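Observations on the three-dimensional arrangement
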Amino acid sequence: MKGYNFAYLDEQTKRMIRRAILKAVAIPGHQIPFGSREIPLPYGWGTGGIQVTAAILGADDRLKVIDQGADDTTNAVSIRRFFARTADVATTTKTADATVIQTRHRIPETALRDGQIIVYQVPQPEPMYRLEPSRVETRRMHALADYGLMHVKLYEDIARLGHIGISYDYPVMVNARYLMAPSPIPAFDNPKMHMMPALQLFGAGREKRIYAVPPYTEVRSLDFVDHPFHPARAPHACGLCGAGDSYLDEVLTDDRGGRLFVCSDTDYCETRRADGQVGAEGVPVGMPGGAVEATQ
Amino acid sequence: MSATIDLPGFADPARDAQRAFRAVLAAMAEPGSLRMAGDDLIAPAPLAPATAAVLLTLVDGDMSLAMDAATYPAHPWVIFHCGTTLTEPAKARFIVALDCPDLSTLPSGSDEAPEESSTLILQVRALGSGTPYCLSGPGLRSPMILRADGLPADFAAHWAANHALFPRGIDIILCAGATLVALPRSMTVENA
Amino acid sequence: MAYVAVKGGERAIDNAHAWLAETRRGNPDVPEIGVAQIAEQIGRAVDRVMGEGSLFDRELAALAIKQSQGDLIEAAFLLRAYRTTLPRFIHSEPVDTAGMAIRRRISATFKDLPGGQILGPTYDYTHRLLDFALASEATVAAAPEASHPVGEMAHVHSLLRHEGLLENDEPAAAGEPGDLTRQPLSFPAPRDVRLQALARGDEGFLLALGYSTQRGWGGTHPFAGEIRMGEAVVEIIPPELGFPIDIGDITLTECQMINQFKGSKTVPAQFTRGYGLVFGHSERKAMAMALVDRAMRAEELGEDVTAPAQNIEFVLYHSDNVEGTGFTEHLKLPHYVDFQSELETVRRMRRDMAAPMAEVAQ
């Protein structure tokens with residue numbers, strides 16, 4: 001884009017972010033403070049992810065941007081356009097074709113592979129912030145690997161509710177050293193982080209932190225021997241493609257309790273339907289009418 | 001001396017720095033793997049193209065840099081192209097060396113800020129051949145063998161002391177010719 | 001009934017922007033407002049946007065106000081996102097506010113003092129009655145000129161210094177002052193970084209915090225030692241010259257609050273100071289800043305830290321309105337994946353609760 005550097009950020013800023021990313025990879029799960037810049041999107045809308053993506057993106061990359069698993073949500077569209085404008089980079093909606101995937105709140109259903117990079121947008125990098133709001137204190141706890149506060153919280157959940165009451169942004173231990181916020185992905189996605197072949201980078205712009213999980217690194221969701229981690233999904237199959245293994249969005253279809261469950265990962269759902277898979281409430285791709293019919 | 005300064009830096013700074021960075025990032029994410037960097041760069045002697053590329057990619061006036069005496073002829077080029085001044089290794093966040101310094105003398109960060117540590121850019125004779133080392137840790141699905149020619153004989157022992165500091169510690173980028181390999185502090189390195 | 005998946009986000013965004021542009025312009029029969037008119041006639045808004053946007057440029061601030069339809073936080077955001085792309089050529093020398101060309105200078109601590117009290121262009125003693133004459137265009141009579149020129153005025157605190165009743169200026173920190181636009185906050189945050197955060201901070205937030213100290217939430221016993229507003233010279237020292245050169249004037253408002261201090265085992269009782277300095281004519285902001293600056297010195301001065309305004313981490317992490325508005329408003333982004341996971345959890349909790357209740361009923 002005229003008047004701006006490749007991928008918007010100036011080279012000095014990119015160097016600063018790149019140095020932070022390398023430290024983050026060298027210390028898996030540890031939050032690296034960085035001089036987060038003010039960029040032309042609001043804080044809380046992916047400014048950390050955008051800065052990380054801008055620092056790594058090159059002309060050879062193919063970028064996929066998703067929000068809630070979907071490529072066509074407005075914020076995903078907006079961020080994809082930002083990079084198409086400022087970096088003239090090729091974009092794709094296919095998980096398998098992407099070299100860099102920027103995401104908010106989901107990990108794609110299609111398993112990521114060696115050489116891919118997934119960049120998470122992180123609103124709150126500190127996993128203990130609800131228990132201890134002072135970052136001076138939580139920093140000390142990370143230094144001492146003192147995570148008793150979090151274990152007590154989970155134990156109290158079990159005592160009171162019979163199970164752990166966290167359903168997203170479920171805390172993980174990385175490389176058996178750092179407690180880490182996986183960003184607000186559903187707990188359903190947590191197991192995908194463990195020994196993932198792709199490099200995982202996390203950017204929190206407003207909170208000015210970058211952290212990372214290298215490929216093939218141990219990522220364990222916190223749990224107890226007698227209360228093992230239990231990732232939940234709605235107990236249904238996708239109404240459009242019939243998938244029984246994907247994370248589902250619940251769509252209200254009327255005010256009398258009618259609802260439709262569909263894959264939150266639009267690429268996964270579309271790929272399955274293109275392969276001829278049809279859910280109970282869908283119609284095969286290519287049928288007349290265009291819109292996807294759903295009976296209730 | 002002026003002949004050294006006259007050598008250009010990156011031909012296309014934004015593009016070339018991005019490519020070199022991705023090589024370093026891939027090397028750091030998969031420790032022990034060989035990556036290419038600086039293959040189209042004319043490096044000032046005695047720096048290898050990969051060493052010069054890493055410097056242009058990561059170092060600027062915001063970062064303190066130390067270079068050992070053996071790299072002296074290249075200092076004017078580095079100072080000019082990186083826009084930085086040189087300091088002593090004990091105060092530096094980046095250190096360039098042709099001879100491996102005592103890792104225990106370099107800044108290794110603190111428990112609260114282990115990132116405030118040095119990255120050692122260590123130039124060796126060759127990567128992919130030479131003494132075999134067995135690497136394991138984050139980034140590797142299974143242990144792998146790295147061959148490097150030019151590391152000190154007792155490198156594995158020194159590295160073990162560095163790794164024991166984790167999460168504090170030094171990260172190393174090994175450079176030879178236009179290849180590089182990264183050894184983040186999280187790695188276990190043993191004589192194979 | 002048909003279910004149509006949400007598509008066409010790109011077209012929706014384009015259409016939204018077109019509608020926004022039309023709405024911004026308003027009724028085309030009404031003349032369009034010019035950037036120069038905003039810079040000249042809506043000056044207090046321009047001052048606030050320059051301060052919170054951290055960029056002294058009246059024309060750009062006026063443009064940002066026009067572009068944001070007068071949403072001043074949005075305007076500050078626009079200015080900051082532009083500022084962050086600008087190269088940094090050089091640092092200026094510290095501005096000398098004692099040498100300021102004074103337009104307003106008042107002290108609440110002395111009836112009269114060298115240089116006198118100068119009211120300047122203030123709303124203080126206007127009666128807040130809507131002036132219907134302003135609704136129609138009318139020429140404004142020129143204000144009377146002073147009979148003699150106003151010279152340089154020493155700061156009030158410098159007049160008290162010889163008695164030792166007032167704390168001295170801190171010695172300047174070695175090296176460059178901190179800059180939180182380049183380095184993330186870390187704690188303990190030094191006073192230079194704290195003052196930078198306050199100068200960029202949201203006027204409303206600082207006002208509320210400063211006000212809270214007056215109501216007992218971390219009392220500082222403040223007196224407005226001096227408030228001054230005027231034009232100060234900005235100087236730089238180009239390395240090739242080695243001496244300072246004048247590159248222009250900026251309008252500043254400065255506030256020195258004087259606060260009672262009980263003293264400690266090593267320091268006798270004296271008055272301490274809280275400091276406020278902001279771009280443009282922004283007295284409310286400068287005063288609130290000085291109150292909060294002093295409150296944040298509680299720990300340094302051996303006072304109990306009990307109130308929000310004294311908690312440095314709390315104040316610094318929440319004073320920035322560009323950060324705050326972004327994160328508050330991000331709640332309107334889709335969160336249905338997380339909400340779905342919560343729905344499943346709540347349904348499970350209700351099932352768990354219903355089962356034993358059914359048993360009891362049997």
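Residues numbered from 1 in each chain as written. Chains lettered and ligands numbered in written order. Predicted model: local features only at pLDDT ≥ 70, side-chain atom pairs only at ≥ 80, totals over all residues. Heavy atoms only, no water.

1. Structural notes on a nonpolar patch on the surface
A contiguous nonpolar patch, built from A:Tyr4, C:Tyr82 and C:Leu86 and spanning about 250 Å² of accessible area, is present on the exposed surface. Along the chain, the position of C:Leu86 falls in the loop between α5 (72-83) and β1 (101-106). (Patch = residues over 30% accessible without salt bridge, like charges linked within 9 Å, V, L, I, M, F, W, Y side chains within 5 Å. Areas by Shrake-Rupley, 256 points an atom, 1.4 Å probe, with all protein chains shown as cover. Salt bridge = Lys/Arg side-chain N within 4 Å of Asp/Glu carboxyl O. Helix = DSSP H or I, 4+ residues; strand = E, 2+ residues; numbered from the N terminus.)

2. Regarding the side chain of C:Glu313
For C:Glu313, the location among the structural elements is in helix α10 (residues 312-318). The side chain of C:Glu313 sits in the buried core without any salt bridge; A:Arg135 is the nearest counter-charge, 5.3 Å away. In terms of polar contacts, C:Glu313 uses its side chain to reach the backbone amide nitrogen of A:Arg135, at 2.4 Å. C:Glu313 has contacts with A:Pro133, A:Ser134, A:Arg135, A:Val136 and C:Phe187, leaving out every residue within four places of it along the chain. (Buried < 20%, exposed > 50% of the residue type's maximum accessible area, 1.4 Å probe, protein only. Lys, Arg positive; Asp, Glu negative; His and termini not counted. Polar contact = N/O pair within 3.5 Å; in protein donor to acceptor, adjacent residues only side chain to side chain. Contact = heavy atoms within 4.5 Å.)

3. Digging into the sheet that holds strand β3 (residues 90-91) of chain A
All names here are of chain A. As summarised here, the arrangement of the seven strands in space is β1-β9-β8-β5-β4-β2-β3, forming an open sheet in which the pairing is mixed. Looking along the sheet, the strands with just one partner apiece sit at the ends: β1 (32-33) and β3. Here four bridges tie strand β4 (residues 100-104) to strand β5 (residues 117-121), and the two strands are oriented parallel to one another. Following the sheet pairing, Gln 102 is matched in β5 by Val 119. (Pairing = 2+ DSSP bridges.)

4. A short note on the domain arrangement of chain C
Residue and element names in this part refer to chain C. By domain assignment, chain C separates into domain 1 (2-83) and domain 2 (97-324). Each of domain 1 and domain 2 has a C-alpha centre, and the two are 29 Å apart. Taken together, the 13 residues of domain 1 in the interface contact 20 residues of domain 2. Interface area, domain 1 with domain 2, both sides summed: about 1,400 Å², of which 52% is carbon and sulfur. On the surface where domain 1 and domain 2 come into contact, there are two salt bridges. (Domains from an automatic or database assignment. Buried area = accessible area lost by both parts, 1.4 Å probe.)

5. A short note on the interface of chain A and chain B
Listed per partner, the contact involves 37 residues of chain A and 37 residues of chain B. In total, about 3,100 Å² of surface goes out of reach between chain A and chain B, with carbon and sulfur atoms giving 59% of it. Per-residue buried area on chain A facing chain B is highest for A:Arg19, A:Leu22 and A:Lys23; these three make up 21% of the total on that side. The interface formed by chain A and chain B contains six salt bridges. When the shortest N-O distance is used, the salt bridge between A:Asp114 and B:Arg141 registers 3.7 Å. Secondary-structure elements contributing two or more residues to the side of chain A that touches chain B are α1 (11-26), β1, α2 (47-56) and α4 (135-144) of chain A. Counting residues per element, the side of chain A that touches chain B draws most heavily on α1(A), at ten residues. Here the residues of the side of chain A that touches chain B are counted per class, giving 20 nonpolar, six polar and eleven charged. (Nonpolar A, V, L, I, M, F, W, Y, C, P; charged D, E, K, R; others polar.)

6. Overview of the packing of α2(A) against helix α3 (residues 74-87) of chain A
Residue and element names in this part refer to chain A. Contact geometry for α2 and α3: axes closest at 12 Å, N-to-C directions at 30 degrees. The pairing of α2 with α3 is recorded here as roughly parallel in orientation. Handedness of the α2/α3 crossing: right-handed. Along its contact with α2, which presents Ile 50, Thr 53 and Ala 54, the element α3 presents Ile 79, Phe 82 and Phe 83. Class assignment of the residues belonging to the contact of α2 with α3 gives a composition of five nonpolar, one polar and no charged. (Axes fitted to C-alpha atoms, helices over the stretch in contact; angles between N-to-C directions. Parallel < 35°, antiparallel > 145°, perpendicular 65-115°, else oblique. Left-handed = near helix turned anticlockwise from the far one by under 90°.)

7. Things to note about the sheet that holds strand β4 (residues 270-279) of chain C
All names here are of chain C. The strand order across the open sheet built from four strands is β1-β2-β3-β4, with neighbouring strands paired in antiparallel fashion. Whereas interior strands pair on both sides, the edge strands pair on one side only; in this sheet they are β1 and β4. Here the strands of the sheet are splayed against their neighbours by 20 degrees on average, with no regard to which way each runs. Where β1 lies against strand β2 (residues 222-236), five bridges are found, and the strand directions are antiparallel. Of the residues in β2, the one forming a bridge with Ala 101 is Glu 231. Strands in contact with helix α9 (residues 283-295) are β1, β2, β3 (245-261) and β4; relative to β4, the strand with the most contacts, it is inclined by about 140 degrees.

8. Comments concerning a negative patch on the surface
On the surface, a cluster of negative charge is made up of C:Asp96, C:Glu152, C:Glu235, C:Asp246 and C:Asp249. Among the secondary structure elements, C:Asp96 is positioned in the loop between α5 and β1. (Charge placed at Lys NZ, Arg CZ, Asp CG, Glu CD.)

9. Details of the packing of aromatic side chains
Evaluation of the coordinates by the stated rule reveals eleven aromatic pairs over all chains. Centre to centre, the rings of A:Tyr170 and A:Phe229 are 4.8 Å apart; their planes meet at 70 degrees, and the pair counts as edge-to-face. Of the two residues, A:Tyr170 sits in the loop between α5 (148-161) and β6 (172-174) while A:Phe229 sits in the loop between β10 (219-221) and β11 (248-252), which places them 59 residues apart along the sequence. With a relative accessible area of 3%, A:Tyr170 lands in the buried category. What makes A:Phe229 buried here is its relative accessible area of 17%. Between C:Phe56 and C:Phe279 the ring centres are 5.2 Å apart and the planes differ by 80 degrees, which places this aromatic pair in the edge-to-face class. Here the residue C:Phe56 occupies a position in the loop between α3 (43-53) and α4 (58-67), and C:Phe279 occupies one in strand β4, the gap between them amounting to 223 residues. Accessibility expressed as a relative area gives 24% for C:Phe279, which makes it partly exposed. Of the aromatic side chains, those joined through ring pairs into one cluster are A:Tyr8, A:Phe82 and A:Phe83. (Phe/Tyr/Trp six-rings, centres within 6.5 Å; stacked < 30°, edge-to-face > 60°.)

10. So, the side chain of A:Glu38
Positionally, A:Glu38 belongs in the loop between β1 and α2. One polar contact links A:Glu38 to C:Arg80, side chain to side chain, over a distance of 2.5 Å. At 3.2 Å, the side chain of A:Glu38 forms a polar contact with the side chain of C:Arg200. Apart from the residues lying within four places of it in its own chain, the contact partners of A:Glu38 are A:Tyr8, A:Tyr43, C:Arg80, C:Ala81, C:Thr84 and C:Arg200.

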